[in-house]
Amino acid sequence: MDLLAILRIAMRALARNKMRSVLTMLGIIVGVGAVIAMLGVGQGARQTMQEQIQAMGSNLLFVGAGTVTRSGMHMGWGSTKSLTYTDMLAILRECPAAHAVAPGSSSSGQVVFGHDNWATRLNGTEPQYFDIRSWSFVEGSSFTQNDVEMSANVAVIGETVRKNLFGATDPVGQTIRINNLPFRVTGVLSPKGTSAAMGDDQDDIILVPLTTLQKKITGQPWLRWIMVSAVSRQGSYAAQQQITSLLRDRHRIREGDDADFFVRNLADMADVADEASRVMTLLLASIASVSLIVGGIGIMNIMLVSVTERTREIGLRMAIGATEGNVQQQFLIEAVVLSLMGGITGIIFGLGASYVITQALGWPVLISPLVIAIAVVFSMAVGVFFGFYPARKAAQMDPIEALRYE
Amino acid sequence: MATTSQPDANLTGTNYHETIILAEEIHKYYELGETRVHALRGASVEIARGEFVTIMGASGSGKSTFMNILGCLDKPSSGRYLLEGVEVSSLSKKELAAIRNRKIGFVFQGFNLLSRTTALENVELPTLYARISKAEGEKRSREALALVGLGDRITHFPSQLSGGQQQRVAIARALVNRPSILLADEPTGNLDSRTSVEIMDIFQKLNDEGLTIVLVTHEPDIAQFAKRSIQFRDGKIRRDERNQNRPLASEVIKNLPALED
Ligand SMILES: Nc1ncnc2c1ncn2[C@@H]1O[C@H](COP(=O)(O)OP(=O)(O)OP(=O)(O)O)[C@@H](O)[C@H]1O
Ligand SMILES: [Mg+2]
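None of the values given here were measured: they were computed from a predicted structure. (Residues numbered from 1 in each chain as written. Chains lettered and ligands numbered in written order. Predicted model: local features only at pLDDT ≥ 70, side-chain atom pairs only at ≥ 80, totals over all residues. Heavy atoms only, no water.)

A. Focus on the overall build of chain A. A count of helices and strands for chain A gives 13 helices and 12 strands. Scaling as 2.2 N^0.38, a compact globule of 406 residues should have a C-alpha radius of gyration of about 22 Å, whereas chain A reaches 32 Å, well beyond that. In terms of principal-axis extent, the alpha carbons of chain A reach across some 100 × 55 × 30 Å. Looking at the 406 residues of chain A, the share that counts as buried comes to 47%. On chain A, roughly 19,100 Å² of surface is accessible, and the fraction owed to carbon and sulfur atoms is 60%. Looking at chain A, you have 32 positive and 32 negative side-chain charges, and the mean spots of the two groups are 5 Å apart. (Helix = DSSP H or I, 4+ residues; strand = E, 2+ residues; numbered from the N terminus. Rg over C-alpha atoms; globule rule 2.2 N^0.38 Å. Buried < 20%, exposed > 50% of the residue type's maximum accessible area, 1.4 Å probe, protein only. Areas by Shrake-Rupley, 256 points an atom, 1.4 Å probe, with all protein chains shown as cover. Lys, Arg positive; Asp, Glu negative; His and termini not counted. Charge placed at Lys NZ, Arg CZ, Asp CG, Glu CD.)

B. Geometry of the nonpolar core. Counting 73 residues, the largest nonpolar core has Ile-21, Phe-66, Tyr-81 and Leu-83 of chain B as the members making the most contacts within it. No other element matches the eight residues that helix H11 (residues 324-361) of chain A contributes to this core. The contact partners of Tyr-81 of chain B, leaving out residues within four places of it in the chain, are Ile-21, Leu-22, Ile-26, Ile-69, Leu-70, Cys-72, Val-86, Glu-87 and Val-88 of chain B. Ranked by size, the runner-up nonpolar core spans 38 residues in total, among them Leu-150, Ile-171, Ala-174 and Leu-206 of chain B. (Core = buried A, V, L, I, M, F, W, Y, C linked by side-chain atoms within 4.5 Å. Contact = heavy atoms within 4.5 Å.)

C. Representation of the site of ligand 1 in the model. Around ligand 1 lies a shell of 16 residues, among which Ser-59, Gly-60, Lys-63, Ser-64 and Thr-65 of chain B are the nearest. More than one chain approaches ligand 1, the contributing ones being chains A and B. Measuring from a nitrogen atom of ligand 1, one finds a side-chain N or O atom of Arg-404 of chain A at 2.9 Å. A distance of 2.4 Å separates an oxygen atom of ligand 1 from a polar atom in the side chain of Ser-59 of chain B. Across the complex, the protein chains shield 70% of the 630 Å² of accessible surface that ligand 1 would expose by itself. Of all the secondary structure elements, the ones that give two or more residues to the shell around ligand 1 are strand S1 (19-32), strand S2 (35-48) and helix H1 (63-70) of chain B. With three residues, H1 of chain B is the single largest residue contributor to the shell around ligand 1. Its residues placed into classes, the shell around ligand 1 shows five nonpolar, eight polar and three charged. (Near = heavy atom within 4 Å. Polar contact = N/O pair within 3.5 Å; in protein donor to acceptor, adjacent residues only side chain to side chain. Nonpolar A, V, L, I, M, F, W, Y, C, P; charged D, E, K, R; others polar.)

D. Highlighting the pattern of salt bridges. Residues and elements named next belong to chain B. Taken as a whole and judged by the stated rule, the model has 31 salt bridges over all chains. Close ionic contact of Glu-84 with Lys-103 constitutes a salt bridge, the shortest N to O distance being 2.7 Å. Separated by 19 residues along the polypeptide, Glu-84 in the loop between strand S4 (78-83) and strand S5 (86-87) and Lys-103 in helix H2 (residues 93-103) bring together distant segments of the chain. If you follow the salt bridges from partner to partner, you end up with Glu-136, Lys-139, Arg-140, Glu-143 and Arg-178 in one network. (Salt bridge = Lys/Arg side-chain N within 4 Å of Asp/Glu carboxyl O.)

E. Molecular detail of the coordination of the magnesium ion (ligand 2). Coordination sphere of the magnesium ion (ligand 2), protein contribution only: Ser-64 of chain B (OG) and Gln-109 of chain B (OE1), at 1.9 to 2.3 Å. With Ser-64 of chain B in helix H1 and Gln-109 of chain B in the loop between strand S6 (104-107) and helix H3 (119-128), this residue pair connects regions lying 45 residues apart in the sequence. (Donors = N, O, S within 2.8 Å, 3.2 Å for Na, K, Ca; no water.)

F. Up close: the packing of aromatic side chains. Here the structure, examined in full by the defined rule, presents 10 aromatic pairs over all chains. Centroid distance Phe-62 of chain A to Phe-262 of chain A: 6.3 Å. Interplanar angle 40°. Geometry classified as tilted. Linking Phe-62 of chain A in strand S1 (residues 60-65) with Phe-262 of chain A in strand S12 (residues 261-265), this pair joins segments that are 200 residues apart in sequence. Taken as a pair, Phe-62 of chain A and Phe-262 of chain A share a single burial class, namely buried. Ring geometry for Phe-106 of chain B and Phe-108 of chain B: centres 4.9 Å apart, planes at 35°, overall tilted. Side by side, Phe-106 of chain B and Phe-108 of chain B carry an identical accessibility label, which is buried. By way of ring pairs, the aromatic residues Phe-62, Tyr-129, Phe-130, Phe-137, Phe-143, Trp-225 and Phe-262 of chain A are connected into one cluster. (Phe/Tyr/Trp six-rings, centres within 6.5 Å; stacked < 30°, edge-to-face > 60°.)

Dropping the structure here:
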């Protein structure tokens, strides 16, 4: 009996109970749809994250104040009074793998322009920070080293701040009030978008000269972080080691004790971010597979009902020459058609959902044909697995008893 | 009434003496809880290739049970059944399926057509399990339907056909794989006498071409068209005789009044 004839019979049997077939497929639709949507969004997030980390500069290192425990949590982040400006100068002077450095201190601020006000992150740094992070300006430019020396009231704003305070007005040269102090805006940073790794808006930020922040806003001489660029990509691991041993020395931390600072290089961050998204994908995939199993059980249930309902038909087919194999094949294919149609519908819904989500976040849509092929194969496998028992049951009927079945 | 001049000798190209069906001391019991229904109590029959046999008997005398065993649908509780010299109980399920598909055509007492499936598709069913192409299967199905006089009803569903038309679809289905044996359990039960004679005409012609036919009927009028009549009573064969003066159905039709339309 050829496949086409069996397929025709299967389609007709399923079409006879349209509502039932659709409801049965629902489990598979949800399962496959969820897998596709999650993989799509997950891949998009990963890609974006990697791009963002690359964009920061692949040879970037981040030195933060505070302790990192073995489990990776950092303690006392920022409150630790451990990093100083002279630490930074020492890094530049004594670590051959360090190419450039920028100091940083953070606070938060209430910003007012005209009648609008906005709460945002407030960072103090020096002009080379923008070079190290390769962060360009869409309007105006950075404050200068001179501004840093003078502790001038000048500020660089991110895109989100511009949107919320200025609307259509050109911000450059305007005066805003940060924590009630007047600042002149010198430039607007190019938008970087939402960080895929952290989920925060990188453009919701104001940067002012370090000295201005320290003297006029926080009143603290400590640094919260130091941004370092290594001489090369390979050099970033050497730089990490050099900085670590230098600062341990300078901070007089004994062998075996936890340091009061941490050094991350971008390659590590990329790995951490990757790992996080992998764990997330795995978690979501396991939820999705539960839904696939539930869908499969639904198919099995309906196939059992169908076998019972069609006992007489099975008896007749056997009486006129269908073998056990023919009958088994027919019901197996019916189950596979059911799960495959559910799978394909699920793929379409999943693609749609991941498109909508990634569009909303401004990420690329990334679904490889391989993923779709796997989803197709997987949904077929569900049909075979859960259709096997009902098909077996049909095939083992006795023709004469099946024909007498009321 | 016209009769054939030589009742059993007009078979061309078939060996009359080759035994095709040999049933010996067939018993069939059904266990129903405490009680045991004894449907067949030692039925023995030998049928040669090219015969045309009718089985008559009271309701419940075991005719359908016997036909199911001859059709390899059911197994006897005891006794031997040889089909073309082969012990049926020694055959595998797959071999039995092939016999039911190609060697035997079976017309069920209750037709057993698939509802929501057209007449043509019902007739095509056995061809799906035979090794012939879809096109060939459809061609043969159309021919079989035309043979039973239903050429113009092929796209009708069983629910849109009369009882007699359904019966003819069932006959066409039994013939479509060109079996060598036709087993028909009351194929004319629902038909008026004229249509019944038409069906018997078809059977006589097929029989003349070499088809072995065993047919169950309640009507002596129908039984007379066969070459041999077997009488069942209480699960046993009570009488087995050759019909003398067998009428030709094609002649009888001419003498029947045409149906008023
Ligand atoms: N599956 C079964 N279980 C129990 N008893 C059965 C079964 N099939 C048939 N019988 C019994 O076997 C006997 C013979 O039945 P069978 O159907 O062969 O009769 P029949 O001669 O074909 O009658 P009819 O002319 O009414 O069709 C009956 O008494 C019937 O009740
Ligand atoms: Mg009967």
